[in-house]
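Residue strings, one per chain:
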Amino acid sequence: MSQIIDAKGKPCPTPVLMAKKAMTEGAEAFTILVDNQTAVENLKRLADNQGFQAAVREEAGAYALDFTK
């Protein structure tokens, strides 16, 4: 099962730092939850730079980004 990181309510760059930590700990698939479009764009950029794919889903007024290597 993929790790779920709840970063809702966290200001940037915290969601990016949380995702980066998961990557450095060896996670190859995880989902990060955020509640603002700025975090979505920053996380998509991080995924591209780190060789990950990031699929974005909107659910219940928040966003879920599914990262996969």
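Quick caveat, the model's predicted, so the values are computed rather than measured. (Residues numbered from 1 in each chain as written. Predicted model: local features only at pLDDT ≥ 70, side-chain atom pairs only at ≥ 80, totals over all residues. Heavy atoms only, no water.)

Colleague: Explanation requested: the overall build of the chain in the structure shown.
Modeller: Across its full length, the chain carries two helices and four strands. Ordering the α and β elements of the chain from the N terminus gives β-α-β-α-β-β. A compact globule built from 69 residues would reach a C-alpha radius of gyration of about 11 Å, and the chain, at 10 Å, matches this within 12%. Looking at the chain as a whole, 35% of its 69 residues qualify as buried. (Helix = DSSP H or I, 4+ residues; strand = E, 2+ residues; numbered from the N terminus. Rg over C-alpha atoms; globule rule 2.2 N^0.38 Å. Buried < 20%, exposed > 50% of the residue type's maximum accessible area, 1.4 Å probe, protein only.)

Colleague: Can you help me understand the sheet that holds strand β4 (residues 62-68) in this one?
Modeller: Spatial ordering of the open sheet is given by β1-β2-β4-β3, a layout of four strands whose pairing is mixed. Among the strands making up the open sheet, the edge pair consists of β1 (3-6) and β3 (53-59). Ignoring which end each strand starts from, the neighbouring axes of this sheet average 20° apart. Alignment of β3 against β4, held across seven bridges, turns out to be antiparallel. Bridge assignment links Val 56 to a residue of β4, and that residue is Leu 65. Packed onto the sheet, helix α2 (residues 37-50) meets β2 (29-34), β3 and β4 and runs at close to 5° relative to β4. (Pairing = 2+ DSSP bridges. Axes fitted to C-alpha atoms, helices over the stretch in contact; angles between N-to-C directions. Contact = heavy atoms within 4.5 Å.)

Colleague: Any chance you could explain the environment of Ala 7 here in plain terms?
Modeller: Inspection of the secondary structure assignment puts Ala 7 in the loop between β1 and α1 (14-24). Separated by 49 residues in sequence, Ala 7 and Val 56 place their C-alpha atoms 14 Å apart. Not counting residues within four places of it along the chain, the set of residues in contact with Ala 7 comprises Pro 15, Met 18, Ile 32, Leu 33 and Val 34.

Geometry only, nothing functional implied.
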